Amino acid sequence: MAGQMLYVKKNKGDGKMSKGDVVFEKDNEYYTPKYVVDFFYPDGFDYDPATCEGKAKEFGVPHYDTIETDGLIQDWTPYKRIWINPPFSEKHKFLAKAVETYNIAHNTIYVLFPIEFLTTARFHDLNCKCKLFIPRGRVNFESGLGKQGKSPAFGSVIIKLADENSVEYIDLKAEKPGITDIETVTGLNSTTIEKKSWYR
Ligand SMILES: C[S@@+](CC[C@H](N)C(=O)[O-])C[C@H]1O[C@@H](n2cnc3c(N)ncnc32)[C@H](O)[C@@H]1O
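### Side note on the environment of Asp75
Point 1. Relative to the elements of secondary structure, Asp75 occurs in the loop between β6 (63–64) and β7 (81–84).
Point 2. As for Asp75 and Thr101, which are separated by 26 residues in sequence, their C-alpha atoms are 8.2 Å apart.
Point 3. Only 2.7 Å separates the side chain of Asp75 from the side chain of Thr77, close enough to count as a polar contact.

### Here we look at the nonpolar core
Point 1. Ile84, Ile109, Leu132, Ile159 and Leu161 are the most contacted members of the largest nonpolar core, which has 24 residues in total.
Point 2. At the level of elements, β7, α3 (91–105), β8 (108–114), β9 (129–135) and β11 (156–162) are the ones that each hand at least two residues to this core.
Point 3. It is α3 that contributes the most residues to this core, five residues altogether.
Point 4. Residues in contact with Ile159, not counting those within four places in the same chain, are Ile109, Tyr110, Val111, Phe113, Phe117, Cys130, Lys131 and Leu132.
Point 5. Counting residues in each nonpolar core, the second largest holds 18 residues, with Val61, Phe133, Val139 and Phe141 among its members.

### Notes on the packing of aromatic side chains
Point 1. Taken as a whole and assessed by the stated rule, the structure comprises 14 aromatic pairs.
Point 2. Taking the centre distance of 5.7 Å and the plane angle of 55° together, the rings of Phe45 and Trp83 count as tilted. With Phe45 in the loop between α1 (34–40) and β5 (47–48) and Trp83 in strand β7, this pair connects stretches of sequence that are 38 residues apart. Across the pair, exposure class does not vary: Phe45 and Trp83 are buried alike.
Point 3. Note on Phe113 and Phe117: the rings are 4.6 Å apart at their centroids and 50° apart in plane angle, and the pair reads as tilted.
Point 4. On the basis of relative accessible area, Phe113 is assigned to the buried category, the value being 1%.

### Notes on α3
Point 1. When the terminal C-alpha atoms of α3 are compared, their 21 Å separation across 15 residues agrees well with the 21 Å that a helix rising 1.5 Å per residue should span.
Point 2. Residues of α3 that are buried: Lys91, Phe94, Leu95, Lys97, Ala98, Val99, Thr101 and Tyr102.
Point 3. Among the structural elements, β7, β8 and β11 are those in contact with the buried residues of α3.

### Some thoughts on the side chain of Asn85
Point 1. Here Asn85 shows up in the loop between β7 and α3.
Point 2. A distance of 3.5 Å separates a polar side-chain atom of Asn85 from the backbone oxygen of Tyr30.
Point 3. A distance of 2.9 Å separates a polar atom in the side chain of Asn85 from a polar atom in the side chain of Thr32.
Point 4. Discounting chain neighbours no more than four positions away, the residues touching Asn85 are Tyr30, Tyr31, Thr32, Ala50, Leu112 and Phe141.

### Quick word on the environment of Glu90
Point 1. On the secondary structure map, Glu90 appears in the loop between β7 and α3.
Point 2. Exposure remark for Glu90: the relative accessible area of 27% places this residue in the partly exposed category.
Point 3. Expressed as a C-alpha distance, the spacing of Glu90 and Ala50, which sit 40 residues apart in the sequence, is 10.0 Å.

Here is what the cut-offs are and how they apply
- As a convention, each chain's residues are numbered from 1 in the sequence order in which they are written.
- Predicted model: local features are reported for residues with pLDDT of at least 70 only, side-chain atom pairs are reported and counted for 80 or more only, and whole-chain, interface and lining totals are derived from all residues.
- With hydrogens and water set aside, each side-chain value is computed from the structure's full complement of heavy atoms.
- By definition, any uninterrupted DSSP run of H or I lasting at least four residues is a helix, any uninterrupted run of E lasting at least two residues is a strand, and each is numbered from the N terminus.
- Throughout this description, a polar contact denotes any pair of N or O atoms lying within 3.5 Å of each other; where both atoms belong to protein, one of them has to be capable of donating a hydrogen while the other can accept it, and for residues adjacent in sequence the pair is counted only when both atoms sit in side chains.
- We define a nonpolar core as any set of buried Ala, Val, Leu, Ile, Met, Phe, Trp, Tyr and Cys residues linked to one another through side-chain atoms lying within 4.5 Å.
- Note on exposure labels: buried denotes an accessible area under 20% of the residue type's maximum, exposed denotes more than 50%, and partly exposed covers the range between, all computed with a 1.4 Å probe on protein chains only.
- In what follows, residue pairs with any heavy atoms lying within 4.5 Å of each other are defined as contacts.
- Pairing of aromatic side chains here covers Phe, Tyr and the six-membered ring of Trp, requires ring centres within 6.5 Å, and sorts the geometry by plane angle: under 30 degrees stacked, over 60 edge-to-face, intermediate tilted.
- Given a helix with a known number of residues, its expected span is that number minus one, times 1.5 Å.

None of the figures reported here should be taken as evidence of function without further support.
Spelled out as structure tokens, the structure:
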């Protein structure tokens, strides 16, 4: 996937490419390597509100939105497991919508953000608690606009919206991340749900 031209037509020479009326900005077209998404949910997410067709297919996400269908105007509450690596220029809007959705539906939502965000007032004032996953090393993103794109020069944090605040240090490239700690949780109607370790 890295280095491929994904449904973009022409290079306008200013970090933007266009297809019909849609303009793709270089800073928004950095894609997540699949091993990162698999780390959190190897069995797959069911919705990605900010993606392109190629990555949605690669991740095996059955429901998704792209810049053409605009994830920001969709209802995210019916989905159980949502993966978001938002377009850089709209990241705060996507996070705000994720928080709004979580507060209604309590679904499982992961949002990848620049780690610098954690030092901002905007993060401290977020209307939600979260589990923070701090990766060992930087994620090298895939440039959807081809070789002209270099991976962003900042580290990432993966924010899982939650009812309590917590932090976990993770090694995304470890071969078998945390496979020993199987735990169970009590679900609705006192049913017992076995949570596998990768259900983070
Ligand atoms: C940072 S990339 C992430 C792609 C993929 N979700 C991943 O994790 O690799 C963000 C994607 O969102 C798309 N995008 C931009 N604005 C959007 C919008 N309003 N609604 C849905 N997708 C949008 C961009 O074109 C880009 O492909």
